[in-house]
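Commentary on secondary and tertiary structure
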Amino acid sequence: MAKLLHLTCSPRTESESSAGARVFLDGFSQARPDWDIDVVDIWRERMPEFTGPIIEAKYARLKAETFTEAQRDSFAEAERMALRFSLADRVLISTPMWNFGLPYKLKQWFDIIVQPGLTFRFDPSQGYLPLLQDRPTLVIIASGSDFATGMNRGRIDMATPYLREILRFIGISNVRFVLIGPTTGPQQPIDAARERTHRRLAAMAATF
Ligand SMILES: Cc1cc2nc3c(=O)[nH]c(=O)nc-3n(C[C@H](O)[C@H](O)[C@H](O)COP(=O)(O)O)c2cc1C
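Residues numbered from 1 in each chain as written. Predicted model: local features only at pLDDT ≥ 70, side-chain atom pairs only at ≥ 80, totals over all residues. Heavy atoms only, no water.

1. Notes on helix H1 (residues 16-31)
- Between the first and last C-alpha of H1 there are 23 Å, a value that for 16 residues agrees with the 22 Å anticipated at 1.5 Å per step.
- Of the surrounding elements, those touching the buried residues of H1 are strand S1 (3-8), strand S2 (36-41), strand S3 (90-96), strand S6 (137-142), strand S7 (175-180) and helix H6 (187-205). (Helix = DSSP H or I, 4+ residues; strand = E, 2+ residues; numbered from the N terminus. Expected span 1.5 Å × (residues − 1). Contact = heavy atoms within 4.5 Å.)

Right, here's the structure in full:
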């Protein structure tokens, strides 16, 4: 069965990124009722802390050394997570912007799955090469500031360039970004931004 993987990354019940994702998924499920939606809640997902055997496993791989038993076991966690991702035909990431970038749990998820021989490889003559197949991917980012019209009040968006680059690094280049903001401050611009992006997400869902 064809599958969309949804990485949901806000811990808030009133989350704007999650609300946007719901609008998109409603439309998507109507357009493709036979698709499976696999939800990875980054705050509930079992993820190893990136210390001890899992980081040693990364360096062992980089040096082409054999794994210890503990390294093999912890690397299996990375393989499990990367496999779940690689089996998806479409990907949706909905995330808050936190301190210009990503919530640390989403960064942890990338730190675990971005591994040599798993999602990228290094070739001495060609440099870094991705190992995943490209697939349509949508990233929804909610931010207090408004990065669509530039009312960002002196803050910058490092979440979009980071996600574009880390996804490209592992093979995912077909990525569209939808930014929801402002989500804080006066109510009228918040409502207007929500309405505008929800309309856009509903329209995108039909052809994604
Ligand atoms: C820890 C933290 C850091 C934040 N940093 C930023 C920031 O750098 N830029 C910004 O525009 N908004 C920032 N915000 C506001 C959130 O991006 C905003 O509330 C957004 O709606 C959160 O997404 P969510 O509604 O899906 O949880 C921050 C919020 C929190 C809790």
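2. Structural notes on unusual backbone geometry
- The amide bond that connects Gly-181 to the next residue, Pro-182, takes the cis arrangement and shows omega of 10°.
- Structurally, the position occupied by Pro-182 is in the loop between S7 and H6.
- One non-glycine residue, Ala-64, lies in positive phi territory at about 55°.

3. Let's talk about the packing of helix H3 (residues 69-86) against helix H4 (residues 104-113)
- The interhelical angle for the contact between H3 and H4, taken along N-to-C directions, is 105°, at an axis separation of 8 Å. Compared by their axis directions, H3 and H4 come out roughly perpendicular. Judged by residue contacts, Ala-78, Met-81, Ala-82 and Phe-85 of H3 engage Trp-109, Ile-112 and Ile-113 from H4. (Axes fitted to C-alpha atoms, helices over the stretch in contact; angles between N-to-C directions. Parallel < 35°, antiparallel > 145°, perpendicular 65-115°, else oblique.)

4. Side note on the pairing of S7
- Relative to S7, S6 is paired through six bridges, and the arrangement is parallel. By the bridge assignment for S7, Leu-138 is matched with Arg-176.
- With helix H5 (residues 159-170) bridging S6 and its parallel neighbour S7, the resulting β-α-β unit is right-handed. (Pairing = 2+ DSSP bridges. Right-handed = clockwise from strand over helix to strand, strands pointing away.)

5. What about the packing of aromatic side chains?
- Within the structure shown, the criterion is met by 15 aromatic pairs.
- With 5.2 Å between their ring centres and 80° between their planes, Phe-24 and Phe-208 make a pair best called edge-to-face. Of this pair, Phe-24 sits in helix H1 while Phe-208 sits in the segment after H6, and the two are 184 residues apart along the sequence. Each member of the pair Phe-24 and Phe-208 is classed as buried.
- Taken together, Phe-24, Phe-28, Trp-35 and Phe-208 form an aromatic cluster joined through their ring pairs.
- Above the ring of Phe-85, the side-chain terminus of Arg-135 is found at 5.9 Å from the ring centroid. (Phe/Tyr/Trp six-rings, centres within 6.5 Å; stacked < 30°, edge-to-face > 60°. Buried < 20%, exposed > 50% of the residue type's maximum accessible area, 1.4 Å probe, protein only. Lys NZ or Arg CZ within 6 Å of the ring centre and 35° of its normal.)

6. Quick notes on the nonpolar core
- Leu-7, Phe-85, Leu-106, Trp-109, Phe-110, Leu-163 and Leu-167 are the most contacted members of the largest nonpolar core, which totals 40 residues.
- Setting aside its immediate chain neighbours within four residues, Leu-106 contacts Leu-7, Cys-9, Ile-42, Ile-93, Thr-95 and Leu-163.
- Judged by nonpolar contacts, the second largest core, of 16 residues, contains Ala-21, Trp-35, Ile-180 and Phe-208. (Core = buried A, V, L, I, M, F, W, Y, C linked by side-chain atoms within 4.5 Å.)

7. Some remarks on the site of the ligand
- Taken together, 17 residues lie near the ligand, and Ser-10, Arg-12, Ser-15, Ser-17 and Thr-183 sit nearest.
- Contact distances for the ligand include 2.7 Å between a nitrogen atom and a backbone N or O atom of Asn-99.
- Coverage of the ligand by the protein amounts to 80% of the 630 Å² it exposes when considered alone.
- Broken down by class, the residue content of the shell around the ligand amounts to six nonpolar, eight polar and three charged. (Near = heavy atom within 4 Å. Polar contact = N/O pair within 3.5 Å; in protein donor to acceptor, adjacent residues only side chain to side chain. Areas by Shrake-Rupley, 256 points an atom, 1.4 Å probe, with all protein chains shown as cover. Nonpolar A, V, L, I, M, F, W, Y, C, P; charged D, E, K, R; others polar.)

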